[in-house]
There are 2 protein chains.
Amino acid sequence: MKVNLSGSNIPENLLKAGQSLKRVYDFEEAKGLTREFLGGKGIGLAEMTAIGLNVPPGFIITTSTCIEFFKAGGSFPKGLWEEVIEHIRRLEKKTCKQFGYPENPLLVSVRSGAPVSMPGMMDTILNLGMNDNVAEGMVKLTQNPRFVYDAYRRLITMFADVVMGLDRRKFDAIYDEAKEKESVKADTELSEKALRWVVEEQKKLYLKEIGKAFPVDPFEQLRLAIIAVFNSWNTPRAKTYRSIENIPEEMGTACNVQMMVFGNMGWDSGSGVMFTRNPSTGEKALYGELLFNAQGEDVVAGLRTPISLEDLKKENPRLHQELSDVANKLEKYYRDLQDIEFTIERGTLYVLQTRSGKRTAKASVKIAVDMVKEGLIEDWEAVLRVDPKQLELLLHKTVDPEAEKKVLAVGLPASPGAAIGRVVFVPKEAEEWKRKGEKVILVRPETTPEDIGGMVAAEGVLTSRGGMTSHAAIVARGIGKPAVVGCEALKIDLDAEEFQVGGNLIRKGDLITIDGLTGEVILGEVPLVEPKIGGEVTELLEWADRYRRLGVWANANDENDALKAWENGAEGIGLARTERMFLGVERVALVREMIMAETAEQRRASLEKLLPMQKEDFKKILKAMNGKPVQIRLLDPPLHEFMPKESEILTRIYEMEKANADKGELEELQRILVKVRRIQEANPMIGLRACRVGILYPEIYETQAKAIFEAASELKNEGFDPKPEIMVPGSITHKELSYLKPIIVKACEEVAKKYGFSVNYRYGTMIEMPRAALTADEIAREVDFFSFGTNDLTQTGLGLSRDDAQGTFLPIYLDKKILDEDPFQTLDLKGVGQLVEICVREGRKANPNLKIGICGEHGGDPKSIYFFHRAGLDYVSCSPYRIPIARLAAARIELEEAKHGSRSNA
Amino acid sequence: MKVNLSGSNIPENLLKAGQSLKRVYDFEEAKGLTREFLGGKGIGLAEMTAIGLNVPPGFIITTSTCIEFFKAGGSFPKGLWEEVIEHIRRLEKKTCKQFGYPENPLLVSVRSGAPVSMPGMMDTILNLGMNDNVAEGMVKLTQNPRFVYDAYRRLITMFADVVMGLDRRKFDAIYDEAKEKESVKADTELSEKALRWVVEEQKKLYLKEIGKAFPVDPFEQLRLAIIAVFNSWNTPRAKTYRSIENIPEEMGTACNVQMMVFGNMGWDSGSGVMFTRNPSTGEKALYGELLFNAQGEDVVAGLRTPISLEDLKKENPRLHQELSDVANKLEKYYRDLQDIEFTIERGTLYVLQTRSGKRTAKASVKIAVDMVKEGLIEDWEAVLRVDPKQLELLLHKTVDPEAEKKVLAVGLPASPGAAIGRVVFVPKEAEEWKRKGEKVILVRPETTPEDIGGMVAAEGVLTSRGGMTSHAAIVARGIGKPAVVGCEALKIDLDAEEFQVGGNLIRKGDLITIDGLTGEVILGEVPLVEPKIGGEVTELLEWADRYRRLGVWANANDENDALKAWENGAEGIGLARTERMFLGVERVALVREMIMAETAEQRRASLEKLLPMQKEDFKKILKAMNGKPVQIRLLDPPLHEFMPKESEILTRIYEMEKANADKGELEELQRILVKVRRIQEANPMIGLRACRVGILYPEIYETQAKAIFEAASELKNEGFDPKPEIMVPGSITHKELSYLKPIIVKACEEVAKKYGFSVNYRYGTMIEMPRAALTADEIAREVDFFSFGTNDLTQTGLGLSRDDAQGTFLPIYLDKKILDEDPFQTLDLKGVGQLVEICVREGRKANPNLKIGICGEHGGDPKSIYFFHRAGLDYVSCSPYRIPIARLAAARIELEEAKHGSRSNA
C-alpha cells in the first residue's frame, strides 16, 4: 500500500528507497528500523524477535501514523484500517488462532509506545478480542471458567477506564461488591458464578455510562483502542511533560498490538521477572523470581511466594538454563544489565519485555567494570555507565558493619550517610551547641522552613513524621546532611525535651547515631567508617583518567587532608587555607596579640612567633604532595574573626562585675572590647578581608610567604620536590596584585639568601568578586594562575550571604522554584557562570599561559564540573572525598562530547 | 631650504603642497599653521602677531624638528642651524638690533612650547645674547649698569640651571653673599659694584663646575639653549606625565626665540597682567594691574604696589584705552576670558602672552551667559564653557552673608561648604554621637587614616596643622565634607578635650560653625543658606536642557525633597525610599510589633495600622510631582534594621538588672533579645533584604502597594494627575518579579474596587546585584523599567561593603593608587560599568520598550553621568541638590559628542 507521507520520523533509508511506505510492521519486519519510527516498546519487541527470542507475535503501528492521525483531525488516515486488518490476519496465521473466533480465539494486548518513555501515555489494555461467545469458547478450551471470566472482567474495566475515560472505581466497585457478597477477601477465592455476575453488571454499567453497549466486535474494540493510544499522546499531562523535557510535539507515539499469553493456565505456566546480574551487588548470576500458575500482576500482588531463580536452578535446571540462555542473549545484545519480564504458557517460554535494569551504586560500578573485563563493553563505556551521583552514594560515611549496635527504631532512609550527635529538640539550640563545638542530631516531629538554621548546624536530622519528600528529607538531601525521617516509633515530647522509643527514654543531650542509608536510629555512639575507594571503583577511575582533560585537584588544609587527596588521586592542592593555621589555643593567642598591636613592629613580632608553626604546617602539606603543586592561599578572613564577639565580651564583663572580679582582668577585657568594637564590621564577607588585609598589614603576607619559602627550602634540603604556589585571595583589581608581588618576591629573596638557593613558585589569585572576573584581562597580566572561588563569587554575584540565606529564604526560594537549584551547590550557570566565561575568555586572551582552576565547593559537583570543562578550565579542586566523583564527571563530559561530536559527524 | 621630512606633526596642507619644508618660522609666517606643528606658545604668538598686536618679534622652531633631533641621536639635523641663523638675521633687521653687537645688542628669550601644556618641560631663559662686551655696550646705551648686570647675572644663573643642569642654589648663594656683604635685604638696594662682583663670581663658579667658561658667543648660547629645550621633552618627569595623560611621544616640543623687551627701563616702562573681565565676579570690565619701571617677576615679588587698571583709567586714560583695545581684540578673537601679560618698554606696549583666564565658578557662569547675550558665543558653547565641577561649588551650603558671626580664626579653606556641629576630639566619639543623632565637628591637630570613621560621621573637619593637601584636606574633599585645615591659631589640648583660640576656650560639646569656602571658624551656630539656583545659572541650565537627551530625575523621600526636586527641574522621582516612612517613634513601634509578630495575620494587623500613614506620605510626594512619574521603591532594608542592636539590649538588660528593675519589663527585653538574635545577620547588606523580604512576607509589599494605589486614587479624585511607578528592590532573578507581580496586581484591583476606577502604574525593578545585570534579558521581560542601584551594584560587584571600606582600606587604596577613584563617588567603569553595559544591551534586546535609569549616588557625578549617557540610559536620578550638575553634565556630553562627530566628519 502506497502512502504519501512526509512524517519526520520516517527513517531516511525508507524515504530514500522510494518504496511504498507502510504504516504497520510485524515485529519480524521491523529489523533495522529506528526507535523514532517504532517507539521504544516496539523497537524492543522487534529486536528481541530479530535475535530469535520467543516473543509473542504482533505488529507495530508507527509513530508517523500517529502524527497523520492528528493531521487528519483525529481520524484514521485512508488505508490504515485495511493495513491493520491485514496484519491481524497474518497474526492469526502465525498463531493458528482467530480474532473473535470462539473455537480458537486470538486475544491481543494493545499498548502505546513513544520513542522516549513518557508519563501520561496510555497504559496497556489486555485481553482484547473477548466477548460473550469468545468467553464461552475459551471456557471449553481451557476448562477454566474462572480464568476466562476474570480475563473478561479485566478487559471491560480497562477498556472503560483507558479507552472510554470512565471512572474505573465504579467498575471496581462491582467486583468488590461480589467479593463482599461471597464474604471473600482474596481474588482467587471468588466463585465462577460471582465472576460471571461481575461481567454482566459491568456491561450494564458500561451501557448506562456510554449509552452504547460494550462492543462485542473485537475489531471495534481494536479500532477504539488504537484511537485511545493515539489520543493519549495529547493529554494535558503528556503535553506538559513534553514542554518541560523539550520533547518535540511531532514525535508521536506508536501503537503495539501483540498476542496475549497467559501464565495462569496451570502449573506448567507461570510469570516472572529476572535480572541478568544481581542488581544489588552486581554479582554475575541470574537473579529474579518466578510464580507458577500466575499472571505478572499476581507476582506483584504478592499473595503467594514466588520461587527464586537460585532455588529454581536446583528444582528445574532445564527451565533455569532456558532462562539463562535468554538472559545471556539479551545482555550480549544490549551490552548492559537487563531487567526481563517473561511468561510461561503451558510450558512455552515467552519473553515479554526487556529493559536496562535499575541497580544500586555498588552494582553499577561492579557491573560496568566486570563487563569491560568480559570484553562486553569498552573501558570508556564503563565510565559512561556510572553516574557520578551514584558514585557519591558510595562515598558517604557509614556505620561500621563490624560494630555492635543497639537499634532503637528504623525510619525512612531520607538522606545518605551516618551521623553521631547529642539529641537536641530546638533548632536554635542546635545552632548554639554547634557554636560551642558540640555535635548534635536535631530531633523534631517534622521540620519547617524556620528550622533550617538548626538543620544546617546539626550533624543529622531525625523526624517522627513525613516521607521521603517531606521538608526534612528534601532539605537534608539539599544540604548534604544524613537524615532519617518518618520514624513513627519515636514518641517525641517537645516540652519535656525527650523521646520514647520501645522501652527507652532518650533525653536532650543523649548521644545517638543515625544511619541515612538504612534508616536505623541507634543508641549511643557507634564507630563510623570513612568511605574507602578500592577494587572496582579504583579500576573505573583509572579508566576515567585516561579520557579526561580536566585536572582534578583537592582542597586540603592540613597533612591529613593532603594524604587523603594523594590517595584519592589528586593531581595537586588547589586550596590550602592558611587561616586554619592561626587556630588552636597557643596560636590564637599570638594572633590576638598581633591584632591588638598598635604598630607594624609589634605586629611583626607576634607574626614571627607564628612563623615556625606555620612553616611546619606547610612542610607537612608540601611533603605529602611531593612533586605536585600546592596552592597556598594567604590569609583570607577578616581579623575580627580571630577575636571574641562583642556580645560575648559584654556578657563576660557583666558577669565579672557581678562577681566583683579582679580589676586588672576587667580592664584587659575593656581594652579588648574597645578593639573589637573598632574592628567589627557591618558586612564582614565584603569588608576588610582577603588581600585587603595583606595590603593594610603587609607584614602578615610577608611572614606567610617566608614560612612557605622556608618550608620548601628545608624540604628541598631533605631531598623532596616541593611545588608551592602562592595564591592571593579575593583581588578586585590588578593593582592589588602588582602591589603585593614585590613583597612576595622580597620574601623569596631573603629566604634564598638564608638557604643559599631559591625556591621556584608560581603567583596567582583567586577570582571571587565579579569585578575580578570582569577585569580578567588586567589581572591575568599580573599572575600565573587564576582560581575561581565560586562560593564567594556566588555570594557577591547574587548578592546573597550564604550564612544568612541558607537559614532564611533560600529553602523557600527553592521550594517556590524562584531558584531552580541551590546556587551554593550547583553553580548558577546563567549568572555566575557568565562571569566565569567572561573571565576565562578575557584572561586567556591577555595571558595565554594562564592556568585556570576552581576551588569553591562547586568543584565537586558533577553538573558544575561539566560547566567548568566547557568553560575551558584547566582543573577543578574539591574536597579530598569528592575527588572520585570529580574524576568520573570530568571523564564523562569529555566522552559525551566525543560521542556527540562523532554523532554530528555521522 | 628643502628638508626631507616625514614627521607626523607637519600640517597636511604643507605636505600636500609639496613645497620645500621649513623648520623655522617667523611669527608672521606662521599664520594658518597648526598647534601640533608650532606648539601652544608658538601658535599664540603667531596668532597675536597675525591680528596686528604688537608682539616682540621672533621665530619658532617646529615640533617636528624636535622629533628629527631625537631621530638624529640628539644632534641638529642638517641645515637647521643655518636656518636658525637666517632667522636671527631677519630678526636683527626687524628690530634694528644686532645679536652680540655691543653698540645695539639684540637679546632674546628662548622658551619651549609643546602642543599641550606639560609640566616638566623647560622654562624660559631670558637675556640670551649677553656677554661682557654686550653688557658694557648696554650700560652705555641705558646708563643703567644695575639693570644690565642684574640681567647678566640672571642669564648666567638660568643658563647654568636650565641649560647645563647645574645646582641653581650655588649660583643664588653668590648673590645672597653679595647682599649679606652689603647688609641689604631687597634686591633693588644692591649696588652696581656688588652686581658686577656677582657676575664675575658666577662666571668663575660656572668654569669650575663645567670645566669650560660661560660661553661668550651669543650663538653658542642660543645653540645650547635650543638643545636644552629639545632635551627637556625627554626628562623622566615629562615622560611620566605623558604616559599618564596618554600624550604621544612623537608629538615633540617647539622652541620659541623672541626679542627681549624690558619694563624696567624707566618710568615710561612697566609690566602688567590684565583680564578681559573680572575673573572673580565675571563682571565685564578690564581687570588687572601694572607696575611701572619693573619686570614681570617684580610684579609677582610684590615689593612695590602696582596700580590697578581701574585706577589707571583715571590716571592715564590713554594707556588704559590702549590696553582695553588689546583686551577687546584678544577676547573677540579667542571668544573667551583672556589673561594677558604685557610689557611697556619706553612707552611702547608689547603683548607677551595671552591665555584663557582662570575664573571662579560664579564668574565662569556669568561670563558664559553674558557672552551669549553679547553674541560672542552660541548658547551651546556657553554650556560647554562651564564645568559641572565648578557648578558644584555654587551648590554648597554657605554661611548666611547677612548673619552676625564671631570669627574665632581663619584657616585654609580645604573643602567647600559650611557645617555646624558640636566639637568632638575623638574620632570614635564622633561616630557614637552621630549614632545618637548629634551633629559634630571633628577637631584634631591633624588626621590619620585611623580617624576616617570619625570624619565620615562628622559634619565637618577642623585641623590646626597641615595644608591644602594634608590627609584631612584630601579625605574631606573626597567624602564631600566641609573642612578647614591648618588653622594654627587653635591651641588644641587633646587630654583636656578643649582648644583655645584668641581669648576663647572651646570645650567638647560646644557648638561651632566652619566655613570651608572662606576658612573661617565661627563661634556657635550661624544660620546657613541653602544654595539657590537663579539668574545666570537658570539661564545656562535652560540652554543645557535644549541639548541634552538624558533625563534628569531626583531621589526624594518626602514632600520637601520632592518640592526641591521640582524647583530644580527634575523630570520625575527616580527613587522614593519607603523605609523612611517606617521611622519616627509611633511608626517604629508599629514596625517592631510587626516584626515581633509570629503569624502573617498578626503582621498584617500591624501593617494595616501603618497603611494610612504611608498613604499620606505617598500623597504628598505624588502631589508635589503632579503629572511626573514617581518611582516608589518597596521596602528594602532587612527587618532587623528597625530593631535595637543586640549589644544595646544586653547593656539595657544588665543595667536594669543592676537597678532591680521591673520583672515584666525585663522579660519583654529578653523576648526582644531572642528575636533580635534570631534575625540578626552575618552580612545584612547581602542578607534577607530587598525583595527577599517582600517574598517571605508578602503582606508587607501588599500593604505598601495598597497605600500607593489609595494615595493615587484619592489624588485623582482631587483632580491631580499622579503617576506612581512601583519599584522592586534588589532582584536577583526574573522569577522574583513574576512571583511578586500578582500581589501588586491584586492590590491594584482591590483598591480599584474601592474607588470605582483603577490607577495606571508601571512595574519595575532595581538592578543592584551582578546577577540581575547579567540576566537582564530574562528580567526585562517581566518589567517596564530598570533602575540601576549603583551603590549596591558597586558593593556587590567589587565585593566591598561601603560601611566597612570607607572607614578602613578605601582611603589607603586611593592614596596608594590601587584604586584611581572612590568607586562610590565615580562609577567604576571597567568593572561595574561593564555590568551596566551588558544589562542595557541585553535588557533592551529582550524588551525594546524598557526604560532604564540609575538612582544610585553616581547619578549626580558628572564623570559617571557621561558614562550613563554613553551606555544608553534614559535618565539619571540624583539628590535634588545635584540636579543642576546633572542637567549640565548631560547636555555637555551630548554637545561634546556632536562636536566630536562634526570633527570626524570634517
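These numbers come from a predicted model, not from an experiment.

1. Thoughts on the side chain of aspartate 339 of chain B
All names here are of chain B. Of note, aspartate 339 is situated in strand E11 (residues 338-345). Take aspartate 339: its relative accessible area is 11%, and that puts it in the buried class. The residues touching aspartate 339, leaving out its near neighbours within four places in the chain, are Val273, Met274, Phe275, Gln353, Thr354, Arg355 and Gly357.

2. Focus on the relation of the copies chain A and chain B
A rotation about some axis, followed by a shift along it, carries one copy of the chain onto the other. For these two chains of identical sequence, chain A goes onto chain B by a turn of 179° and a shift of 0.5 Å along the axis, with RMSD 0.6 Å. Here the two chains are linked by the operation of a two-fold rotation axis. An overlap of 100% is found between the interface residues of chain A and their copies at the interface of chain B, pointing to a shared contact surface.

3. Describing the interface of chain A and chain B
Every contact between the two is made by 58 residues of chain A and, on the other side, 58 residues of chain B. A buried area of about 5,100 Å², summed over both sides, lies between chain A and chain B, and 60% of it is on carbon and sulfur atoms. Counting across the chain A and chain B interface gives ten salt bridges. Between glutamate 778 of chain B and lysine 830 of chain A there is a salt bridge whose closest N-O contact spans 3.7 Å. Taken together, the links from chain A to chain B amount to 24 residue pairs in polar contact (both at pLDDT 80 or more).

4. So, the packing of helix H24 (residues 646-658) of chain A against helix H24 (residues 646-658) of chain B
Taken N-terminus to C-terminus, the directions of H24 of chain A and H24 of chain B make an angle of 10°; their axes are 9 Å apart at the nearest point. Between H24 of chain A and H24 of chain B, the angle falls in the class roughly parallel. Where H24 of chain A abuts H24 of chain B, its residues Glu646, Ser647, Leu650, Thr651, Tyr654, Glu657 and Lys658 of chain A lie against Glu646, Ser647, Leu650, Thr651, Tyr654, Glu657 and Lys658 of chain B.

5. What to know about helix H31 (residues 790-798) of chain B
Residues and elements named next belong to chain B. When you tally the buried positions in H31, you get nine out of nine residues, the bulk of the element. All of the buried residues in H31 are Thr790, Asn791, Asp792, Leu793, Thr794, Gln795, Thr796, Gly797 and Leu798. The positive-phi residue at the C-terminal boundary of H31 is glycine 799, with phi of around 65°.

6. Things to note about the pattern of salt bridges
All told, the structure shown has 162 salt bridges over all chains when counted by the stated rule. As a salt-bridge pair, glutamate 699 of chain B and arginine 603 of chain B come within 2.6 Å of each other at their nearest N and O atoms. Taken together, the positions of glutamate 699 of chain B in helix H27 (residues 698-717) and arginine 603 of chain B in helix H23 (residues 600-624) put the pair 96 residues apart, joining distant regions of the chain. Residue arginine 603 of chain B is classed as buried on the basis of its relative accessible area of 12%. Salt bridges sharing partners connect three or more residues here, namely Lys22, Asp26, Glu28, Glu29, Glu86, Arg90 and Lys94 of chain A.

7. Considering helix H25 (residues 663-679) of chain A
Residues and elements named next belong to chain A. For H25, spanning 17 residues, the distance from its first C-alpha to its last is 24 Å, which sits close to the expected 24 Å at 1.5 Å a residue. When H25 is considered as a whole, its buried residues turn out to be Leu666, Leu669, Ile672, Leu673, Lys675 and Val676. Of the surrounding secondary structure, the elements contacted by the buried residues of H25 are helix H22 (585-596) and H24. Capping the start of H25, aspartate 662 holds a side-chain oxygen 3.3 Å from the backbone nitrogen of glycine 664, two or three residues further along.

8. As for the pairing of strand E23 (residues 511-515) of chain B
Residues and elements named next belong to chain B. Counting buried positions along E23 yields four of five residues, so the element is predominantly enclosed. As defined by bridge partners, strand E16 (residues 418-424) adjoins E23 across five bridges and the pair is classed as antiparallel. Residue pairing across strands places glycine 421 opposite isoleucine 512, the latter belonging to E23. Relative to strand E24 (residues 520-523), E23 runs antiparallel, the two being bridged by four bridges. By the bridge assignment, threonine 513 is partnered in E24 with isoleucine 522. The antiparallel pairing of E23 with E24 creates a hairpin that spans four residues between the two strands, and glycine 519 there sits at a positive phi of about 85°.

9. Describing empty space enclosed by the protein
All names here are of chain A. In total, this model carries one cavity of 30 Å³ or more according to the counting rule given. Every residue lining the largest cavity is listed: Leu395, Pro531, Ile533, Lys564, Asn568 and Tyr881. Per-class residue counts for the lining of the largest cavity are four nonpolar, one polar and one charged.

10. Some thoughts on the sheet that holds strand E8 (residues 270-275) of chain B
Residues and elements named next belong to chain B. With antiparallel pairing, the five strands of this open sheet are ordered in space as E10-E9-E8-E11-E12. Edge positions in the open sheet fall to strand E10 (307-308) and strand E12 (348-356), since each of these has one partner strand only. Inspection of the sheet shows E11 paired to E12 by eight bridges, in the antiparallel sense. Note on E12: the bridge partner recorded for isoleucine 344 is leucine 349.

11. Examining the packing of aromatic side chains
Per the counting criterion, the structure on display carries 43 aromatic pairs over all chains. When the ring of tyrosine 25 of chain A is compared with that of phenylalanine 37 of chain A, the centres are 5.7 Å apart and the planes differ by 70°; the resulting orientation is edge-to-face. Placement of tyrosine 25 of chain A in strand E1 (residues 24-26) and of phenylalanine 37 of chain A in helix H2 (residues 35-50) is noted, with a sequence separation of twelve residues between them. For the residue pair tyrosine 25 of chain A and phenylalanine 37 of chain A, the accessibility class agrees, reading buried in each case. An aromatic cluster of at least three residues, connected via ring pairs, comprises Phe69, Phe70, Phe76, Trp81, Phe99, Phe219 and Phe230 of chain A. Its end group placed over the ring of tryptophan 197 of chain A, lysine 181 of chain A keeps NZ or CZ at 3.6 Å from the ring centre. Seen from the ring of tryptophan 566 of chain B, lysine 628 of chain B lies directly overhead, with NZ or CZ sitting 4.1 Å from the centre.

Conventions and cut-offs
Residues numbered from 1 in each chain as written. Chains lettered and ligands numbered in written order. Predicted model: local features only at pLDDT ≥ 70, side-chain atom pairs only at ≥ 80, totals over all residues. Heavy atoms only, no water. Helix = DSSP H or I, 4+ residues; strand = E, 2+ residues; numbered from the N terminus. Buried < 20%, exposed > 50% of the residue type's maximum accessible area, 1.4 Å probe, protein only. Contact = heavy atoms within 4.5 Å. Least-squares fit on C-alpha atoms with pLDDT ≥ 70 in both. Buried area = accessible area lost by both parts, 1.4 Å probe. Salt bridge = Lys/Arg side-chain N within 4 Å of Asp/Glu carboxyl O. Polar contact = N/O pair within 3.5 Å; in protein donor to acceptor, adjacent residues only side chain to side chain. Axes fitted to C-alpha atoms, helices over the stretch in contact; angles between N-to-C directions. Parallel < 35°, antiparallel > 145°, perpendicular 65-115°, else oblique. Expected span 1.5 Å × (residues − 1). Pairing = 2+ DSSP bridges. 1 Å grid on protein atoms, 1.4 Å probe; cavity = no way out; pocket = protein on both sides within 12 Å on 5 of 7 lines; lining within 4 Å. Points joined across faces, edges and corners; volume = space filled by probe spheres on them. Nonpolar A, V, L, I, M, F, W, Y, C, P; charged D, E, K, R; others polar. Phe/Tyr/Trp six-rings, centres within 6.5 Å; stacked < 30°, edge-to-face > 60°. Lys NZ or Arg CZ within 6 Å of the ring centre and 35° of its normal.

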